[in-house]
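These are the residues of each chain, in order.
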Amino acid sequence: MTEYIFINTIQQLDQLEITPEDKRICGIDTETTGLDPRLDRLRLIQIAVSGQATYVIDCFEVLPLGLSRIQDYLDSFHVKIFQNAKFDINFLLANGLVINGQLFDTMLAGLLLRTSGGPKRVGLADLTNHYLGIELSKDQQKSDFSAGLSEDQILYGAKDAAVLLKLRGVLVQELKANQLIEVARLEFACVYAIAHMEFYGIHVNLEKWKALTLAKEKEKAELLNQLYPYIGYPTVQVGLFEEKSESPFNPNSNKQVMEILAGQGIHVDNTSKYALSHYLDHPFVSLLMKYRHVEKELSTFLLTIPGQVHPYTQRLHPHYGQNGAYSGRMSCTNPNIQQIPRGKDFRECFDAPKGRTLVIADYSQIELRVIAEYAQDQRMIDAYRNGEDLHRLTASLVLQKDIQLISKEERQAAKAVNFGLVFGMGAAGLKGYAADTYGTHMTMEEAELFRKRYFQAYRGVDQWQSHIRKTLPITSRTLAGRKHNYSDQSGLSARYNTPIQGTAADILKNALGLLYEKIKGRSINIVAVVHDEIVLECNENIGKETAGLLKSVMEEAGGKYLQKVPVVAEVAVSESWAGK
């Protein structure tokens with residue numbers, strides 16, 4: 001049975017003795033009354049040290065008076081072990097307690113080990129069962145911690161902290177055995193940045209947001225009026241007090257849209273964005289795509305985000321999944337800031353409060369740079385070393401035209417060629433992708449010719465893809481060492497894409513870890529991350545200085561993994577996110 005010492009008075013806090021040098025590793029867990037660190041309360045802090053009874057501190061009774069005593073005790077440990085560290089860090093932060101030093105997150109370690117014989121589920125009970133053979137009861141997890149504490153609740157908390165010490169020992173050996181130490185290091189360092197970003201949140205100007213919503217609703221109505229000749233005019237129902245018009249048309253109904261398309265002489269298997277991208281010249285298809293786009297902007301973002309503004313901070317506090325994809329790329333929910341439309345009208349709604357400014361930086365063509373490094377494509381490497389624009393170079397090569405004569409439209413088409421072909425698209429896929437993503441139209445003959453010339457120009461990429469096609473590897477690694485196992489259903493596209501996307505994600509995470517150490521304790525906050533982009537908020541008078549710092553850190557982070565290809569971060573200082 002786990003031994004514990006329950007502390008619920010200020011006098012008892014004196015039992016928190018500064019830890020001897022040989023025991024400066026602890027397991028930390030918390031119990032809370034809910035999931036929101038701003039609105040819910042921190043009830044227990046459990047601190048476990050090897051060979052000692054676990055301290056269980058009742059925060060209702062000892063905070064805030066005992067704050068400095070607890071902080072001193074936490075600071076005495078070199079390594080702190082958590083399960084889902086950013087949750088605990090945010091609740092501790094909301095109560096004035098700051099976690100510093102080396103961090104080990106058993107949940108993140110479990111996620112890294114999923115492709116090395118680890119369990120699919122990485123809850124604490126799943127990990128302890130799999131790696132330690134211990135059945136850890138979670139019966140008390142959803143019990144009421146806002147009232148009087150039962151002995152079962154206290155013991156439950158003590159066990160969750162104590163087991164972290166044993167679990168870390170096994171996980172460290174597993175990470176070493178599977179050559180995952182480096183990627184674990186960058187994941188753990190990144191936790192602090194993600195936790196503080198979630199806690200601080202991002203400011204949204206609700207007046208601008210409301211004006212944009214009204215404009216988009218008007219645009220939707222105008223598009224619907226233009227669609228009526230194709231979909232049929234609405235029926236009018238006369239009531240006692242008002243007339244009500246209704247249209248039975250559902251723009252997302254496969255059946256309805258296919259029937260209308262058939263009437264226009266267009267026959268398709270489905271009405272997906274990709275399927276319809278081949279018919280954008282038809283007025284109905286063009287109007288339908290615009291209508292769907294505006295409707296999605298309204299339903300996904302404009303009408304929902306105001307309800308997600310926090311009542312206490314008046315900011316958005318998105319939740320970031322640090323390993324939202326198997327590649328290691330982050331995900332985002334509540335709201336999904338990473339999917340906010342890139343148009344100026346949306347991004348200018350995300351601005352800085354009075355006296356503050358935003359600093360925005362993104363990596364220049366990071367995935368293409370990673371591919372150049374992976375494939376050791378000398379033409380790409382030389383282009384990046386010489387500061388050339390790879391999209392213009394590609395346009396010049398596939399069009400067989402002087403690079404100085406490449407137009408803006410031709411460069412745009414080359415983007416589709418670069419991003420489409422490196423991940424395994426055929427000519428038909430390239431044609432649809434170019435139209436769907438970049439609004440660029442090419443014939444099948446042009447797509448086939450561009451594809452042929454592309455691989456003739458970039459021999460390293462051609463050989464890299466050829467090797468993957470021939471060997472069909474069952475495992476891949478990012479340049480940081482992140483491991484991924486492919487299933488029987490994994491195709492070539494996944495094998496091309498996963499290590500590239502994963503390396504780009506590792507570079508961003510390395511940047512976040514380095515950045516946090518540079519800005520902690522200063523009036524600089526990370527407020528958003530979008531795959532290859534970092535957004536900071538700082539005082540106006542240090543905007544230029546912060547921009548230089550962000551650029552330097554991002555390029556240093558990429559240079560750790562890309563040895564031959566230079567990494568470039570482009571940065572801007574602006575009052576809103578639209579400034580870049």
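Refer to the structure printed above.
Heads up: these notes are all about the structure in this document. (Residues numbered from 1 in each chain as written. Predicted model: local features only at pLDDT ≥ 70, side-chain atom pairs only at ≥ 80, totals over all residues. Heavy atoms only, no water.)

**What to know about the overall build of the protein chain**
Helix and strand content of the protein chain: 21 helices and 16 strands. Against the compact-globule benchmark of 25 Å for 580 residues, the protein chain has a radius of gyration of 27 Å, which places it among compact chains. Viewed in the frame of its principal axes, the protein chain has a C-alpha envelope of about 80 × 75 × 50 Å. Buried positions account for 51% of the 580 residues belonging to the protein chain. Taking as baseline every contact in the protein chain between residues at least 6 positions apart, the subset at least 24 positions apart corresponds to 67%. Element-wise, carbon and sulfur atoms account for 49% of the exposed surface of the protein chain, whose accessible area totals about 26500 Å². (Helix = DSSP H or I, 4+ residues; strand = E, 2+ residues; numbered from the N terminus. Rg over C-alpha atoms; globule rule 2.2 N^0.38 Å. Buried < 20%, exposed > 50% of the residue type's maximum accessible area, 1.4 Å probe, protein only. Contact = heavy atoms within 4.5 Å. Areas by Shrake-Rupley, 256 points an atom, 1.4 Å probe, with all protein chains shown as cover.)

**Brief notes about empty space enclosed by the protein**
Within the structure shown, the criterion is met by 2 cavities of 30 Å³ or more. A volume near 120 Å³ is recorded for the largest cavity. Forming the boundary of the largest cavity are L111, L112, R114, T115, N323, A325, Y326, G328, R482, K483 and H484. Taken together, the residues of the lining of the largest cavity sort by class into 4 nonpolar, 4 polar and 3 charged. Volume-wise, the second largest cavity comes out at about 40 Å³. Lining the second largest cavity, in full, are Y326, S327, S476, R477, T478, R482, K483, H484, T498, P499 and G502. Ranked by residues supplied to the lining of the second largest cavity, first place goes to helix α20 (residues 492-519) with 3 residues. (1 Å grid on protein atoms, 1.4 Å probe; cavity = no way out; pocket = protein on both sides within 12 Å on 5 of 7 lines; lining within 4 Å. Points joined across faces, edges and corners; volume = space filled by probe spheres on them. Nonpolar A, V, L, I, M, F, W, Y, C, P; charged D, E, K, R; others polar.)

**Concerning helix α15 (residues 390-399)**
Note: α-helices contain 3.6 residues per turn, so residues at a spacing of three or four share the same orientation. With respect to burial, α15 is a largely interior element, 8 of its 10 residues being buried. Each element contacted by the buried residues of α15 is listed here: α13 (366-375), α14 (378-385), α16 (408-421) and α18 (444-457). At the N-terminal boundary of α15, the capping side chain belongs to D389, with an oxygen 2.9 Å from the backbone nitrogen of H391. Where α15 terminates, the next one or two residues include Q400, which has phi positive at roughly 55°. (Polar contact = N/O pair within 3.5 Å; in protein donor to acceptor, adjacent residues only side chain to side chain.)

**Some points on the environment of V535**
Note on placement: V535 falls in strand β15 (residues 533-539). Note: C-alpha distance between V535 and H203 (332 residues apart in sequence) is 12 Å. In this view, V535 contacts L358, V359, I360, N525, I526, V527, A528 and W577; residues no more than four positions away in its chain are not counted.

**Observations regarding the layout of surface pockets**
Of the volumes computed, that of the second largest pocket is approximately 1400 Å³. Around the second largest pocket sit 50 residues that line it, and G34, L35, N84, F87 and F91 are the ones nearest its centre. Considering each element in turn, the lining of the second largest pocket owes the most residues, 6 residues, to helix α3 (residues 85-94). Tallied by class, the residues present in the lining of the second largest pocket amount to 17 nonpolar, 20 polar and 13 charged.

**Section: the sheet that holds strand β3 (residues 42-49)**
Two strands in a sheet stick together by hydrogen bonds in their backbones, pointing the same way (parallel) or opposite ways (antiparallel). The 6 strands are arranged β1-β4-β3-β2-β5-β6 in an open sheet whose pairing can be described as mixed. Each end of this open sheet is capped by a strand with a single partner; those strands are β1 (4-7) and β6 (102-105). Each neighbouring strand pair of the sheet contributes to a mean axis angle of 25°, computed without reference to strand direction. Note: strand β2 (residues 25-32) against strand β5 (residues 79-82), 3 bridges, orientation parallel. Residue pairing in the sheet places C26 in a bridge with K80 of β5. Lying on the sheet, helix α6 (residues 151-177) is in contact with β1, β2, β3, β4 (54-58), β5 and β6; it crosses β2 at an angle near 140°. (Pairing = 2+ DSSP bridges. Axes fitted to C-alpha atoms, helices over the stretch in contact; angles between N-to-C directions.)

**Concerning helix α5 (residues 124-132)**
All of the buried residues along α5 are L124, L127, T128 and Y131. Around the axis of α5, the buried residues are gathered within 95° of arc, so they sit on the same side. In this structure, the buried residues of α5 make contact with α4 (106-112) and α6. With its phi angle positive at about 70°, G133 sits one or two positions after the end of α5. (Arc of directions from axis to C-beta.)

**Structural notes on the packing of aromatic side chains**
Taken as a whole and judged by the stated rule, the model has 14 aromatic pairs. Considering the side-chain rings of Y55 and Y73, the 5.8 Å spacing of their centres and the 85° angle between planes classify their relative orientation as edge-to-face. Of this pair, Y55 sits in strand β4 while Y73 sits in helix α2 (residues 67-75), placing them 18 residues apart in sequence. Owing to a relative accessible area of 8%, Y55 belongs among the buried residues under this scheme. Each member of the aromatic cluster is reached from another via a ring pair, and the members are W209, F346, F350 and W577. Against the face of F60 rests R43, its NZ or CZ located 4.1 Å from the ring centre. (Phe/Tyr/Trp six-rings, centres within 6.5 Å; stacked < 30°, edge-to-face > 60°. Lys NZ or Arg CZ within 6 Å of the ring centre and 35° of its normal.)

**A word on the sheet that holds strand β14 (residues 524-530)**
Spatial ordering of the open sheet is given by β14-β15-β11-β16, a layout of 4 strands whose pairing is antiparallel. Both edges of this open sheet fall to β14 and β16 (569-574), since each of them pairs with a single strand only. Here the average twist between neighbouring strands, direction ignored, is 20°. Pairing of strand β11 (residues 356-363) with β15 involves 7 bridges; the strand directions are antiparallel. Among the inter-strand pairings, I360 is bridged to a residue of β15, identified as V535. Packed onto the sheet, helix α21 (residues 543-559) meets β11, β14, β15 and β16 and runs at close to 25° relative to β11.

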